[in-house]
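Chain by chain, the residues:
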Amino acid sequence: MANQSAIRTPIVCVMGHVDHGKTSLLDRIRGSSVVSTEEGAITQHIGATLVPIDAIIRMSGALSRVNINVPGLLFIDTPGHHAFTTLRARGGALADMAIVVVDINEGFRPQTIEALQILRNYRTPFVIAANKIDRIHGWRVHEGQPFLKTFAQQNERVQGVLETRVYELVGKLSDLGFNSERFDRVSDFARNICIVPTSALTGEGIPDILMMLIGLAQRYMTGSLRVTADGPGAGTVLEVTEERGLGMTLDVILYDGTLRVGDDIVVAGNDQIVETKVRSLLKPRPMSDILVEERFERVRSVTAAAGIKVAAPKLADVIAGSPLRVVRGGNRDEVIEQVRHEVQDIQVKLSDT
Ligand code: GDP
C-alpha cells in the first residue's frame, strides 16, 4: 500500500489553571483502559496515551452514531502551557487540539486565561472541560456517564446551579472574544466553543469531551491530519534519557509518517546537527506482561501519531524539544536544513520561558 494517505490520530494537550484537574482528567482517561488485551483498548505510549476510536464509542454509547474516520486521540501525558508551547512541530504547536480545564466552582483564573490566549495565537481548536461538577452541592453521581444522562437525573436546584455556572463561563469567554455554549446546544462548531461539564473524579462527561474532540478533528482538521502513512517519519523529542542497557534514548512523539529500525535520522544537538541511525524502537510493555523483566517491548516500526522511545548512537547531546526527521530517498540535505531551521525557532522559544 505505497503512499497511502490516511488520517492520523490527532494529538491533544490538556491545559488550565493549577489544581483545576488537568492531571486527574488525564488519569481518568487513562484509567478507562479495561483489560489491555481487549480489542480497541487504551494503550500507554511513551509520553502519551492513545485512546482509539472504538474505546471512545464504547464509552459514549448512543452519542456516537456519526460517521467517524478519525482513528482516535493521542493525549500528551504532560499537561500545561509549557508542554504546549515548547513542543513544536514544523514551527507550529505539536498538539493539534487542546482541552482547557476550568474548575466550574472557581471559574476562570490567570492560567485559564493564559491558556486561551496561547490557543488563540496558535489557532488551535479546543474544548472547555467545566470540571468538578460532582462538587456542586447535592450532585448525585452517575459514574462514567455521559453528561446529559447524569444531568437529567439531578434535581432542579442542582441543574439550576450548573446552568448558572456554565453561563458565567460563557460570559467570561465572551469578554475574551470567544463565542461559547454548553456543548449540547452548539450547532455551529466553527463559531462556538463547546463547554463540556465534567468530573475527572467520577468520569461524568468524559465520554462527551472525547466525542467533542473527535467532532472538532473531523470537521476542521481532517485536511491537516492527512498524512502519508509510509512517508518518512517526523517527530518531536520530548525527553533525552539514559536507560539501563540501552544507553541514551529519545522519547519522541511521531506526528507524521513512519519511523523504522535502521532509519537514518537527523536531530538537533546543543550546538550541532546530529545524524545517526535508529538501533531500536521501544514501547512500554502492557501492564499484563508485568512478569517480563524488560520494561520495554521492541518494535520494528511505528506510524504516526505515536509516542516511542528511540535508541541510537550519538544521542548524548540532543536537546529536548528538538525535531526528529527521517532521511529517506535522497532528501538528506533538505532534512538537515529543515532541522536547522526548526531548531532556531525552538531555541528562541526556550529562551523565552
Ligand atoms: P492540576 O493541577 O490541574 O493537574 O489538578 P489535579 O488533577 O492535580 O487536581 C487538583 C485536585 O482537585 C486534586 O485533589 C484532585 O483530586 C481534585 N480534583 C480534580 N478533578 C476533580 C473533580 O472532577 N472532582 C473533584 N471532586 N475533585 C477533583
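As annotated in an unreviewed UniProt entry, the protein is Probable translation initiation factor IF-2 from Methanoculleus receptaculi. Recorded in UniProt for the protein, the comment headed Function (unreviewed entry) runs: "Function in general translation initiation by promoting the binding of the formylmethionine-tRNA to ribosomes. Seems to function along with eIF-2." The heading Sequence similarities (unreviewed entry) in the UniProt record of the protein holds the text "Belongs to the TRAFAC class translation factor GTPase superfamily. Classic translation factor GTPase family. IF-2 subfamily."

Undergrad: How should I be thinking about the overall build of the protein in this particular structure?
TA: In terms of helices and strands, the protein carries 8 helices and 22 strands. Against the compact-globule benchmark of 20 Å for 353 residues, the protein has a radius of gyration of 21 Å, which places it among compact chains. Based on the C-alpha atoms only, the size of the protein along its principal axes is roughly 65 × 45 × 35 Å. Here the protein holds 353 residues, and the buried ones make up 54% of them. For the protein, the exposed surface amounts to about 15900 Å²; the carbon and sulfur share of it is 48%. For the protein, the distance from the average site of its 39 positive side-chain charges to the average site of its 42 negative ones is 2 Å.

Undergrad: Please clarify how the site of the ligand should be interpreted in this entry.
TA: With respect to spatial proximity, 15 residues lie near the ligand, and among them D19, T23, S24, D134 and A200 are the closest. The contact in question runs from an oxygen atom of the ligand to an N or O atom on the backbone of G21, over 3.0 Å. Note that an oxygen atom of the ligand is positioned 2.8 Å from one of the backbone N or O atoms of A200. Expressed as a share of its isolated accessible area of 580 Å², the protein-covered part of the ligand is 76%. No other element matches helix α1 (residues 22–31), which puts 3 residues into the shell around the ligand. Its residues assigned to classes, the shell around the ligand comprises 3 nonpolar, 7 polar and 5 charged.

Undergrad: Help me understand the environment of L246, please; the structure alone is not making it clear to me.
TA: With respect to the element layout, L246 can be found in the loop between β13 (234–243) and β14 (247–256). Residue classification places L246 among the buried positions, given a relative accessible area of 14%. Expressed as a C-alpha distance, the spacing of L246 and I29, which sit 217 residues apart in the sequence, is 31 Å. With residues near it in sequence (within four places) discarded, L246 still touches R279, L282, F296 and R298.

Undergrad: Which parts of the structure should I look at to understand the nonpolar core?
TA: For soluble globular proteins, the rule of thumb is that nonpolar side chains tend to be buried together. Counting residues in each nonpolar core, the largest one holds 82 residues, and the members touching the most others are L73, F75, I99, F126, I128 and L162. Per-element tally for this core: the top contributor is helix α7 (residues 206–225), with 11 residues. F75 has contacts with V12, V14, L26, I29, G47, A48, T49, V51, I99, L210 and L213, leaving out every residue within four places of it along the chain. Core analysis: the second largest hydrophobic core is formed by 21 residues, V237, L254, V274 and V318 among them.

Undergrad: For this particular structure, what's the right way to read the sheet that holds strand β22 (residues 323–327)?
TA: Hydrogen bonds between backbone groups are what pair the strands of a sheet, and the pairing can be parallel or antiparallel. Pairing in this open sheet of 8 strands is antiparallel, and the strands run β17-β16-β22-β13-β14-β21-β18-β19 from one edge to the other. Edge positions in the open sheet fall to β17 (273–277) and β19 (296–299), since each of these has one partner strand only. Sheet twist, expressed as the average angle between the axes of neighbouring strands with direction ignored, equals 40°. Relative to β22, strand β16 (residues 264–268) runs antiparallel, the two sharing 4 bridges. Across the sheet, I265 pairs through a bridge with V326, a residue of β22.

Undergrad: How do you make sense of the pairing of β16 when you look at a structure like this?
TA: The two faces of a sheet get side chains in turn, since along a regular strand they alternate between them. Buried residues dominate β16, accounting for 4 of its 5 residues. Two strands pair when backbone bridges link them, and β16 and β17 are joined in this way by 5 bridges, in the antiparallel orientation. The residue bridging V267 from the neighbouring strand is V274, located in β17. Remark: 4 residues form the turn of the hairpin made by β16 and β17, two consecutive strands paired antiparallel.

Undergrad: Just checking my understanding: could you explain α1 for this structure?
TA: Helical periodicity: at 3.6 residues per turn, an α-helix aligns residues three or four positions apart in one direction. Within α1, the full set of buried residues consists of K22, L25, L26 and I29. Along α1, the residues classed as buried sweep out an arc of 95° about the axis, all on the same side. At its buried positions, α1 is contacted by β2 (11–16), β4 (48–52), β5 (72–76), β8 (97–103), β9 (126–131) and α7.

Undergrad: I would appreciate a short explanation of the pattern of salt bridges in the present structure.
TA: Two side chains bearing opposite charge may form a pair once their charged atoms approach each other closely. Across all of its chains, the model carries 20 salt bridges by this definition. When the shortest N-O distance is used, the salt bridge between R28 and E143 registers 3.0 Å. Of the two residues, R28 sits in helix α1 while E143 sits in the loop between β9 and α5 (147–152), which places them 115 residues apart along the sequence. With its nearest N and O atoms 3.3 Å apart, the salt bridge here joins R182 to E163. Of this pair, R182 sits in strand β10 (residues 180–182) while E163 sits in helix α6 (residues 156–175), and the two are 19 residues apart along the sequence. Each member of the salt-bridge network shares a partner with another, and the members are E163, E181, R182, D184 and R185.

Undergrad: Please explain the state of the cysteines as it appears in this structure.
TA: Two cysteines joined by a covalent bond between their sulfur atoms form a disulfide. This structure, assessed with the given rule, holds 0 disulfides. We note that C13 lacks a disulfide partner, and the nearest cysteine sulfur, in C194, lies 19 Å from it. Classification of C13 by relative accessible area gives buried; the value is 0%. Note on C194: relative accessible area 4%, which makes it buried.

Undergrad: Could you clarify how one ought to interpret unusual backbone geometry in this entry?
TA: The omega torsion across A304 and A305 is -5°, close enough to zero to call that bond cis. Looking at the element boundaries, A305 is found in the loop between β20 (301–303) and β21 (306–311). Phi is positive for R123, close to 55°, though the residue is something other than glycine. For R123, the location among the structural elements is in the loop between α4 (110–122) and β9.

The rules we used
Residues numbered from 1 in each chain as written. Predicted model: local features only at pLDDT ≥ 70, side-chain atom pairs only at ≥ 80, totals over all residues. Heavy atoms only, no water. UniProt positions renumbered as here; feature names shortened; annotations may be inferred. Helix = DSSP H or I, 4+ residues; strand = E, 2+ residues; numbered from the N terminus. Rg over C-alpha atoms; globule rule 2.2 N^0.38 Å. Buried < 20%, exposed > 50% of the residue type's maximum accessible area, 1.4 Å probe, protein only. Areas by Shrake-Rupley, 256 points an atom, 1.4 Å probe, with all protein chains shown as cover. Lys, Arg positive; Asp, Glu negative; His and termini not counted. Charge placed at Lys NZ, Arg CZ, Asp CG, Glu CD. Near = heavy atom within 4 Å. Polar contact = N/O pair within 3.5 Å; in protein donor to acceptor, adjacent residues only side chain to side chain. Nonpolar A, V, L, I, M, F, W, Y, C, P; charged D, E, K, R; others polar. Contact = heavy atoms within 4.5 Å. Core = buried A, V, L, I, M, F, W, Y, C linked by side-chain atoms within 4.5 Å. Pairing = 2+ DSSP bridges. Axes fitted to C-alpha atoms, helices over the stretch in contact; angles between N-to-C directions. Arc of directions from axis to C-beta. Salt bridge = Lys/Arg side-chain N within 4 Å of Asp/Glu carboxyl O. Disulfide = S-S within 2.5 Å.

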